[in-house]
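# Fold and contact review
Now for the letters of each chain:
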Amino acid sequence: MHLMEATDFNVTTTPWLVVLGLAIVMAAVRLAAPKFYSHYIWSQDHKMIGKQFLVSSLLWGLVGGALAIGVRWQLAWPGTKVPGFEQIFGWADGGAAPEHYNIMFTMHASVMIFFVIIPLLVGAFGNFVVPLQLGAQDMAFPFLNALSYWLMWPAFIFMAFSFYVPGDGAGAGWTSYPPLSETMLGDGQTLWCMGVWFVGWSSICGAVNYITTIVKMRAKGITFFRMPLTSWAIFITSILVLCATPVLGSAVTMLLMDREFGSSFFVPAARVVSDAGQVTGTGQVILWQHLFWFYSHPAVYILVLPAMGMVSDMLANACRKPIFGYRPMVYSMAGIAFLGFVVWGHHMFQSGMNPALGRTFMIATMMIALPSAVKTFNWLATMYRSQMKLEVHTLAALAFVCMWIIGGLSGIFMAATPVDIQIHDTYAIVAHIHYVVFGSTLFAVFGSIYYWFPKMFGRFMNKPLAYTHMIVTFIAFQFTFFPMHVVGSRGMLRRTADPYYYGNLQGMLPVNQLMTIALLVLAAAQVVLAINFFWSMFAGKRCTDRNPWNATTMEWNTPTPPVGHGNFDLIPVAHRGPYEYADPNAKEDFTPQFAPPAGEPARKSVHV
Amino acid sequence: MTQSIATPTSRPVLLVLALGLVIALCFGMRAAFEKPATELKTALGADKSVGSVIEMLDGRRLPGTGNILIEEELVAIQRVTKEGSPVNSGILLLDNPSRFKVLERGAAGTTVAAHGVGAQVKEPGTLFFPENFASFGDAVDELFYLILWITGIAFILTEAFWLFCIFSFWQKPGMRSDFSHGNHKLELIWTIIPAAILVLIALLQAGMWREMKMEIPPEGSKDVIEVQTAAQQFQWNFRLAGTDGKFGTVDDVPTVGEMHVPVGQKVRMTQRSIDVIHSFFLPNFRVKQDVVPGLAIPVWFDTSRAGRFPIMCAELCGLGHTKMGATLVVHEADEFKTWLAAKSEEWKGENEAQDRPDWSGGTAKIWWWWDSNPLTTKYQGENTAR
């Protein structure tokens, strides 16, 4: 950037036109519907904030998905233009140049992790579901809650603009290892740092709020061990966020200072880049990796623990059976969270970190497989001798269990240090993270959308479209990601624009084409979801039933949708644990937490 | 609508469909892997395997070698890029005139396959790891296949159970699920068994890891060939000590994009990077180590077969990362001796003619950088191994 003159700042006009258009639309809306802003934008109601997170994350998901298509397009048809990329990003090569390839995978990961998965799980469903499940009228700090959403917007703007500044975006990988991320030309990397910094701030605001809400605002009868697993998961996740995110914030700040203000936290001795003058710092390159993974490994669990909780809720509901081993489920989540803080080094086995440390991290990593295994077996046991009810969230929960097994088992290869030597930085890793983050987490999110949509909007989503989406996604997903295990262990490198440069990788082109075609099918299925989501929001079949899925947890005790700011028209009191399905003594096959025991008076209205 | 997709009549159909999917996936992958490389090249198109511009620039530089970009040129190119001239892909791989001659020297007398490096390596018939030629590699492969067996069995058992549940437990009218909240005995069993297996895997690999990463032959040990590796954007530089056995003297043999070692000998490498993090990956020898600026990291392996093998950069290092390959050339022992003597003599003559007695490597700046910037911090891993 310091190489550029002021006149070089040649931002395309597109984003400015977008901003101008938005301003005009906003002014028009203000005139036409004066209450619009107070209700939909500046709302401090946790339900509305959850929906805000949901919608913005789904829209960013389309961006992240498009970038994924760009990446895979280059692997299948190297050197050809990705359709539309020339027009969207203003890249004359249409994404074919290596630097644009680097930007595509960097931004795909950054967008998907920071703007889609984390906000979807914690921001959207955490916000919407947790207070309802606790029987609370709102979060503990409504203003902080709104702030945590609106702090996402600077991040959104920085990241979106990073495509349109000199350098065309951040291209040092989502891990942004210095010195590459420090010596990267252009402003994309700087904007990336700023964006991540704001996401971190937003996460911390959210975490404080969830922890307080869960500790202090549980309704009468909801003890800690009567909380549904979604709330438990968000509680544990929030502790992770609160402990880990400040480290990321500090690391990103250091990186920013190294880039812009000439500090040398990560500048090693005797660095010469591009024949420029020698730069000698006293920093350590590997320090960034320690700081980054100290956040980002727990972040992997931030990405999956809430999904586990939501799947537990949905699976119990789908199977009409109490979750198998409720307390072990809670303890194993806590175990995963605790161990999650001492395994970050397994991302760094080949990084030049002391190999003796590698052994320590290897053992810790092997141990973290244990609570995960316990959870898997408990889900399977929940399915055993159940009476599964066919709903869309049933499919999602079942798919989650199936793919979590694959993602979990493939992790053992990576934890085994000698095997990791071969598969580190290859597509085997890409396969593993996608089985965990897409196969598991995103399927849980899909399920959650279908499951809580009636409560959110008072309408059902279209069932045939939903089944199509789930089934096509499941099948296309396997073809997109399973072959990656194989090509990866054969040596196909990740983050490589043209792997076929290497003679030993040339044979993998057809498999890559297969994977890309499967991805296109996968993407088409997501369009079905998007259409279904937005169409059903306005025109779906109405749902007036408080408890359309015959579920047992407290959120189904509210009117559908919960009206106004404040959730419950009946005083929320919990009389039993969260998963009392199939009680042989009960009249129906589900006994909600809020159903009064026999002989007790009926529920009271809040407004007496 | 009925609550079950798996009625007694549809059950076999669904099972066959699921199995068919899996089988189709397996066969498709096999067929794809068996497609001969020549056919693939045709499929790729002669020059279409990379962005056309990078290919264009390729013509101007030697294959298998990287290029260095200069800031002024870079800015110039960016200007051009914005104005949408023919070089509009904005590939910033420029030839550095001062370096270009050296590259030519370094690669002289050797030919790197024009399209990719290491193309000579025959594809083995296995679906997983490429063929191994290092002595510690067999143990790694055994561990890999052991884990594959264990996880494979776990995978089949759990997924079979999953399928069984899906096909068996759909809602029937008037029926209720088991009212069970868990079973401590069962849970203990499925905690202890995986724990035992995981501890077993952990114990098995500890020694292997130590051998590969920590028991590095010390500098100057006998029967060990030492190679210095200097990584830079976007090429691999290697240096052998020459006939006098010492580094930093006039008869050192520097190479670019090719690493020469004799067969049957231990190789000790010292790796440094001048700019960003690179990663030295030798898939056929089960070697991967990040090359970190500011650290001199030792790596070792041994060779059991003469031939040419790919060296890859496994860590994203910038725009030219995708082309940062090199070739490991394993010579027969005698051939290597002759080659080294001849090269050493050649470089000695060159250096002495140009009156540069104190550092080697001809005009290659990277070795000047290496010798004039000794690292004061020792790599910790090596210390703990002793």
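Small disclaimer: the values here were computed from a predicted structure and weren't measured.

Counting its secondary structure elements, chain B contains 10 helices and 10 strands. Considering only residue pairs separated by 6 or more positions, chain B has 70% of its internal contacts joining residues 24 or more positions apart. Carbon together with sulfur atoms contributes 64% to the accessible area of chain B, which is approximately 17,300 Å² in total.

Here the focus is the pattern of salt bridges. Enumeration according to the criterion identifies 14 salt bridges over all chains in this entry. Across the pair Arg286 of chain B and Asp141 of chain B runs a salt bridge whose closest N-O atoms are separated by 2.8 Å. Of this pair, Arg286 of chain B sits in the loop between strand 6 (278–282) and strand 7 (287–291) while Asp141 of chain B sits in helix 6 (residues 137–168), and the two are 145 residues apart along the sequence. By relative accessible area, which is 1% here, Arg286 of chain B ends up buried. A cluster of three or more residues bridged by salt bridges with shared partners is formed by Lys389, Glu391 and Lys463 of chain A.

On to the state of the cysteines. Residues and elements named next belong to chain B. Following the criterion strictly, the structure yields zero disulfides over all chains and no others. Cysteine Cys317 is unpaired, with the sulfur of Cys313 as its nearest cysteine sulfur at 3.9 Å. Here Cys317 falls in the buried class, since its relative accessible area comes to 0%.

On average, chain A scores 90 in pLDDT, and the residues at 70 or more come to 97%. Long-range and interchain partners of residues 1–8 of chain A, a stretch whose pLDDT sits below 50, account for 12 contacts in this model, where long-range means more than four residues apart.

What follows covers the pairing of strand 6 of chain B. Residue and element names in this part refer to chain B. Of all five residues in strand 6, five are buried; the element is thus mostly enclosed. Every second residue of strand 6 is oriented toward a common face, with His278, Phe280 and Leu282 on one face and Ser279 and Phe281 on the other, all of them buried. Examined bridge by bridge, strand 6 and strand 7 share five bridges and lie antiparallel to one another. Across the sheet, residue Phe280 finds its bridge partner in strand 7, namely Gln289.

Time to look at the sheet that holds strand 7 of chain B. Residue and element names in this part refer to chain B. The five strands lie next to each other as 4-10-9-6-7, forming an open sheet whose pairing is mixed. Edge strands, defined here as strands with exactly one partner in the open sheet, are strand 4 (258–262) and strand 7. Across the sheet, the mean angle from the axis of one strand to that of its neighbour is 20°, orientation sign disregarded. One ladder, built from five bridges, connects strand 9 (residues 307–313) with strand 10 (residues 326–331); its direction is antiparallel. Counted as the bridge partner of Pro310 is Thr327 from strand 10.

Attention now goes to the interface of chain A and chain B. Taken together, the contact between chain A and chain B spans 137 residues of the former and 131 residues of the latter. For the pair chain A and chain B, the summed buried surface comes to about 11,800 Å²; carbon and sulfur atoms form 65% of the total. Area buried by chain A at its contact with chain B is led by Gln387, Arg490 and Tyr501 of chain A, which between them contribute 7% of it. Seen at the junction of chain A and chain B, the total is one salt bridge. Inspection of the chain A/chain B interface yields 31 residue pairs in polar contact (both at pLDDT 80 or more). Here the side of chain A that touches chain B takes 16 residues from helix 13 (residues 355–383) of chain A, the largest share from any one element. Its residues assigned to classes, the side of chain A that touches chain B shows 83 nonpolar, 32 polar and 22 charged.

This next bit is on the side chain of Asp93 of chain A. Residues and elements named next belong to chain A. Examined against the element boundaries, Asp93 turns out to sit in the loop between helix 4 (85–89) and helix 5 (98–134). The side chain of Asp93 is buried and forms no salt bridge, while Lys81, the nearest opposite charge, is found at 8.2 Å. From its side chain, Asp93 meets the backbone nitrogen of Ala96 in a polar contact 2.8 Å long. Engagement of the side chain of Asp93 in a polar contact is seen with the backbone nitrogen of Ala97, the distance being 3.2 Å.

With respect to the secondary-structure elements, Gln232 of chain B resides in strand 1 (residues 224–232). There is a polar contact of 2.7 Å between the side chain of Gln232 of chain B and the side chain of Asn237 of chain B.

The rules we used
- Residues numbered from 1 in each chain as written.
- Chains lettered and ligands numbered in written order.
- Predicted model: local features only at pLDDT ≥ 70, side-chain atom pairs only at ≥ 80, totals over all residues.
- Heavy atoms only, no water.
- Helix = DSSP H or I, 4+ residues; strand = E, 2+ residues; numbered from the N terminus.
- Contact = heavy atoms within 4.5 Å.
- Areas by Shrake-Rupley, 256 points an atom, 1.4 Å probe, with all protein chains shown as cover.
- Salt bridge = Lys/Arg side-chain N within 4 Å of Asp/Glu carboxyl O.
- Buried < 20%, exposed > 50% of the residue type's maximum accessible area, 1.4 Å probe, protein only.
- Disulfide = S-S within 2.5 Å.
- pLDDT = per-residue confidence, 0-100.
- Pairing = 2+ DSSP bridges.
- Axes fitted to C-alpha atoms, helices over the stretch in contact; angles between N-to-C directions.
- Buried area = accessible area lost by both parts, 1.4 Å probe.
- Polar contact = N/O pair within 3.5 Å; in protein donor to acceptor, adjacent residues only side chain to side chain.
- Nonpolar A, V, L, I, M, F, W, Y, C, P; charged D, E, K, R; others polar.
- Lys, Arg positive; Asp, Glu negative; His and termini not counted.

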